[in-house]
Each structure stands twice: as structure tokens, then as C-alpha cells.
Amino acid sequence: RPPQLCFPPGASKQDVREKVWDYLEASGLADFPRPVHRRIPNFKGSHQACCSVKELDVFNRAREIKVDPDKPLEGVRLAALQARKTLLVPTPRLRTGLFNKIVPPSGATKEILRICATSQGIKEYSVPVGLDGKARVDLVVVGSVAVSEKGWRIGKGEGYADMEYAMMVSMGAVQEDTPVITIVHDCQVVDVAEELLDDHDLTVDYILTPTRTIRTNCKRPKPQGIIWHKVSYEMLEKIPVLKSLRYREKQTGKDVTLQDEHSDLANANTPAALKEKAMAENTRPQAAMNSAQIGQHYVESDSLSPRLGGSGMITTVYVGNIPPSVRVSELKCALREFHATPLRLNWQGAQHRAFLDYKDKATAESAVSSLKGLSLGGNTLRVELAKNQRNKGQVEINSQK
């Protein structure tokens with residue numbers, strides 16, 4: 001077993017990361033992809049460490065397992081597929097949703113399963129899983145840069161594993177007693193000072209290395225959900241699925257004030273902020289929307305521009321994959337919430353779609369990016385510019401499928 005790496009008092013999480021990465025590279029333990037810096041490092045012997053997961057009761061009992069997409073966890077993904085368990089893998093950087101479910105083709109050979117466990121296989125053999133709370137994860141497997149025998153973990157510093165776990169709590173996909181495993185080289189097991197831990201940091205229950213299995217008996221509570229006041233606007237923009245979860249939690253009356261909003265509230269009464277607020281109010285659609293029922297189609301338009309101004313600049317956004325259970329009022333509520341209220345809404349619930357008219361292309365594109373990843377009724381909506389844009393003032397809507 002390699003010598004334990006030691007850290008001076010006052011070492012930061014980044015100091016710990018750098019020393020572990022440097023040691024793995026310098027000692028010849030680092031494995032592809034290299035250099036291991038700024039990654040969850042892959043190491044020689046990772047497959048051996050992964051294989052010992054099969055000896056754990058928590059693995060054998062689990063039906064649904066969430067395993068991160070990092071290279072050193074490939075062996076656990078393979079073991080889960082071979083044991084015919086449901087394998088969920090977070091989407092890279094959570095850009096398109098929370099999980100993908102890996103679905104090997106029927107009668108998959110060992111070789112195909114091996115491909116399914118790789119990053120390439122995750123792309124080719126997966127289907128997205130919505131936020132409908134149907135996921136019930138029995139076991140969570142995460143990568144680490146460093147971890148202590150007490151179960152205190154340091155990731156690569158981007159916060160995705162902590163965020164994924166918090167989102168699973170928010171969705172009801174994990175319980176307080178859902179076990180968490182990490183796979184590391186022996187040299188990554190270090191003493192981590194407790195003061196380095198934040199309340200959003202995920203702790204682990206089992207550490208698997210090439211030479212041992214450590215049960216941490218960690219008593220420190222795991223994150224209880226998303227700590228919204230630590231989430232920035234920037235993170236919300238990068239992770240569309242967070243917007244949907246925030247919207248859902250807001251509906252239940254939770255305080256979902258973001259990190260930046262706390263400082264905004266403190267500065268809200270400065271002259272500059274008041275001026276900005278006044279400008280923002282002026283750019284929102286002023287009039288209450290009126291609506292008319294037209295057959296099974298429901299069209300609603302801003303009463304200030306019943307003929308949409310006749311400018312011909314109107315740009316239409318298509319919203320698809322709307323579940324039958326969702327009503328137009330829910331979509332309108334979400335549009336207001338995401339500051340994407342259209343001039344006109346054409347609701348076609350029977351066809352599971354709607355069309356939103358905006359005053360110009362820039363406003364429509366901004367609405368598309370705001371609504372990306374929005375989930376209603378358990379489906380992630382498909383939101384894009386409509387294929388047939390306004391032609392001589394008419395919307396051609398029937399050909400969009």
C-alpha cells in the first residue's frame with residue numbers, strides 16, 4: 001500500500017486535490033485519460049477495485065443503481081449491467097437532464113455490455129429519464145479525488161456529484177439511508193480536515209480500493225436537498241433541469257431564493273437597481289391576456305396586439321412532448337415563471353403541443369434558452385423555434401410534428 005499523503009494544517013480542498021493528482025502522475029499510478037488533473041482520476045487497478053462491489057450486500061440487493069460517468073467507475077457500470085440491474089448515469093455536466101438510463105440491446109453479448117459501460121456506450125445505448133419521480137435509486141456510486149476513512153469526500157471541485165445527489169433528494173429518488181460508494185486508489189484515502197466540509201458536501205458509506213473495502217460508518221448527515229441560497233444564476237443557466245426543480249419546489253412553498261438574489265435583495269433599493277427594475281417592468285407584456293376557445297385549439301393573445309401588430313416579424317416557438325395530464329394554465333404559469341410570456345399562445349393539448357408567438361427572433365431565442373430542460377407532468381418538454389416561421393402573417397402550424 002502506498003504511503004499516506006499528509007497535508008499541512010490549513011490546507012484547502014484544492015491543495016488536497018493538487019497533491020493527489022501530482023502523486024498519481026509522479027508515481028506512475030495514473031491511467032488514461034491523462035493527465036488526471038482536473039478530473040476524477042483514473043488509476044491502475046480501478047477495475048479490480050470496481051469488481052469488489054459484487055461482494056457488497058448493498059450492491060446485490062440494489063435494483064436501481066446510479067453510477068457517475070467517470071472512467072474509473074466503468075467496472076461498476078459493467079457489473080451492474082451484467083447483474084441485470086437498472087443503470088442510471090448522470091448526463092455530462094447535467095446539460096440535458098439529470099439521468100440517462102442505459103438500455104443494452106436485447107440478447108447483448110458480454111462485449112456489447114462492456115461497450116455499454118463506456119462513455120461511448122452511454123451515448124449510444126441510453127434513454128433520458130424525466131423528473132417524474134419514478135426513479136428509485138437503491139445505491140449511488142460516485143468518483144472522488146480524495147476521501148477519508150470517515151467518509152468525507154473531496155470531488156474535482158465543480159460540485160456536480162453533490163448537486164446530482166441533492167437533486168435526487170429533491171425528486172424523491174434517494175432516501176436518507178441510500179448507501180453511497182466511492183472507488184479510489186489507496187493513495188487517495190487521506191485524512192480530510194472536517195472544517196473543509198460544507199453542508200452541501202456528499203459523504204460516502206463505502207470506499208473500495210484495489211486492496212481493501214472500507215466501511216466508513218459515517219454519521220454526518222448527507223445533503224437534505226438543494227440548498228438554493230448556494231446556487232448561482234450561472235449554475236441555473238448551465239443546468240436546465242435545476243430550473244424545473246426550482247419551479248416545482250417554489251410551487252410547494254419552499255424558499256428558493258438564489259445566492260445572487262440574496263445580494264440583489266440587499267442592493268435592491270439602490271438608485272441603479274430601482275431604475276433597472278422600472279425598465280424590466282416596462283419590457284414585460286403589460287396587458288392581461290384574453291383568450292378564446294377555438295374548437296379544441298386554445299389561442300390566447302395579448303389584448304394590446306390582437307392582430308400581432310401585423311409586422312411580420314413574429315417568431316414562433318414550438319413546445320412539444322406535453323403530457324396529456326398537463327393543462328394550459330400550468331404551461332402559462334411556467335412561462336411567467338421563466339419570464340418567457342409570449343404575445344400569443346396557441347394550445348393544442350390533444351396533439352401534446354403548443355405554439356408560442358414572440359415579437360421577434362431574439363425574444364423567441366431567449367425564450368427557447370430559458371425553457372430548455374423544463375419538465376411538466378414528468379416529461380421534459382421539447383422546445384425549439386417552429387420549423388415553419390410566420391409566412392405573410394400566417395402561422396403554419398400543422399406540419400410541425
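Residues numbered from 1 in each chain as written. Predicted model: local features only at pLDDT ≥ 70, side-chain atom pairs only at ≥ 80, totals over all residues. Heavy atoms only, no water.

**Q** Would you explain the overall build of the chain in this entry?
**A** Looking only at helices and strands, the chain has 13 helices and 18 strands in total. When the 401 residues of the chain are sorted by exposure, 49% land in the buried category. A separation of at least 24 residues holds for 66% of the contacts in the chain among residues at least 6 apart in sequence. (Helix = DSSP H or I, 4+ residues; strand = E, 2+ residues; numbered from the N terminus. Buried < 20%, exposed > 50% of the residue type's maximum accessible area, 1.4 Å probe, protein only. Contact = heavy atoms within 4.5 Å.)

**Q** Where do I start with the packing of aromatic side chains in this structure?
**A** Each aromatic ring pair is summarised here by two numbers: the centre-to-centre distance and the angle between the ring planes. Scanning the entire structure with this criterion turns up two aromatic pairs. With 5.8 Å between their ring centres and 45° between their planes, Tyr247 and Phe338 make a pair best called tilted. Here Tyr247 is found in helix H9 (residues 240-251), whereas its partner Phe338 is found in the loop between helix H12 (328-337) and strand S14 (344-348), with 91 residues between them in sequence. Note on Tyr247: relative accessible area 6%, which makes it buried. On the basis of relative accessibility, which here comes to 12%, the residue Phe338 falls in the buried class. Here Tyr318 and Phe355 contribute two aromatic rings whose centre-to-centre distance is 5.6 Å and whose plane-to-plane angle is 55°, an arrangement assigned as tilted. With Tyr318 in strand S13 (residues 315-320) and Phe355 in strand S15 (residues 353-358), the pair connects residues that are 37 residues apart, well separated along the chain. Assigned by exposure class, Tyr318 and Phe355 land together as buried. Sitting over the ring of Phe7, Lys19 keeps its end group 5.4 Å from the ring centre. The cationic tip of Lys85 hangs over the ring face of Phe59; the distance from NZ or CZ to the ring centre is 5.1 Å. (Phe/Tyr/Trp six-rings, centres within 6.5 Å; stacked < 30°, edge-to-face > 60°. Lys NZ or Arg CZ within 6 Å of the ring centre and 35° of its normal.)

**Q** What is the right way to look at helix H13 (residues 361-371) in this model?
**A** Given 3.6 residues to a turn, an α-helix orients residues that are three or four positions apart in the same direction. Of all the positions in H13, only Ala364, Ala367, Val368, Ser370 and Leu371 are classed as buried. Buried residues of H13 fall within an arc of 165° about the axis and therefore sit on the same side. Just beyond H13, the residue with positive phi is Gly373, at close to 85°. (Arc of directions from axis to C-beta.)

**Q** For this particular structure, what's the right way to read the sheet that holds strand S9 (residues 206-208)?
**A** Pairing between sheet strands relies on hydrogen bonds along the backbone, with the strands arranged either parallel or antiparallel. Taken together, eight strands build an open sheet; the order of strands is S4-S3-S2-S1-S5-S8-S9-S10 and the sheet is mixed. Each edge of the open sheet carries a strand with a single partner, namely strand S4 (126-129) and strand S10 (213-215). The average angle at which neighbouring strand axes cross in this sheet is 25°, direction not considered. As judged from the three bridges shared by S9 and S10, these two strands associate in the antiparallel manner. Looking at the pairing, Leu208 lines up with Thr213 of S10. The strands that helix H4 (residues 74-82) touches are strand S1 (64-67), strand S2 (86-90), strand S3 (99-102), strand S5 (139-143) and strand S8 (180-183); relative to S2, the one it contacts most, it runs at about 150°. (Pairing = 2+ DSSP bridges. Axes fitted to C-alpha atoms, helices over the stretch in contact; angles between N-to-C directions.)

**Q** What exactly am I supposed to notice about H4 here?
**A** Of all nine residues making up H4, eight are buried, and the element is well covered by its neighbours. Considered for burial, the residues of H4 that qualify are Glu74, Gly75, Val76, Arg77, Leu78, Ala79, Ala80 and Leu81. Positive backbone phi, approximately 60°, marks Arg84, located one or two places after H4.

**Q** Is there a simple way to explain the packing of H9 against H12 in this structure?
**A** Geometrically, a packed helix pair is captured by the angle between its two axes and the distance between the axes. Where H9 contacts H12, the two axes come as close as 11 Å, and the packing angle between them is 110°. Classified by the interaxial angle, the pair formed by H9 and H12 is roughly perpendicular. Note on packing geometry: the crossing formed by H9 with H12 is right-handed. Taking contact as the criterion, the partners of Tyr247, Lys250 and Gln251 in H9 are, on H12, Glu330, Cys333, Ala334 and Glu337. When grouped by side-chain class, the residues that make up the contact of H9 with H12 number three nonpolar, one polar and three charged. (Parallel < 35°, antiparallel > 145°, perpendicular 65-115°, else oblique. Left-handed = near helix turned anticlockwise from the far one by under 90°. Nonpolar A, V, L, I, M, F, W, Y, C, P; charged D, E, K, R; others polar.)

**Q** Just checking my understanding: could you explain the packing of helix H7 (residues 160-171) against H9 for this structure?
**A** Interaxial distance between H7 and H9 falls to 11 Å at its minimum, and their mutual angle equals 35°. Like other packed secondary-structure pairs, H7 and H9 cross with a definite hand, here left-handed. Contacts from Met163, Met167, Ser170 and Met171 in H7 reach Val241, Leu242, Leu245, Arg248 and Glu249 in H9.

**Q** Explain unusual backbone geometry here, please?
**A** Trans is the common state for peptide bonds, and a negative phi is the common state for residues other than glycine. The omega angle of the peptide bond from Phe32 to Pro33 is 0°, so this bond is cis rather than trans. Along the chain, the position of Pro33 falls in the loop between helix H1 (13-26) and helix H2 (46-51). Between Arg34 and the following residue, Pro35, the backbone shows a cis peptide bond with an omega angle of -5°. Take Pro35: it is sitting in the loop between H1 and H2. Look at Arg38: it is not a glycine, yet its phi comes out positive at around 65°. In this structure, Arg38 sits in the loop between H1 and H2. Here Arg84, not a glycine, exhibits a phi torsion of approximately 60°, which is positive.

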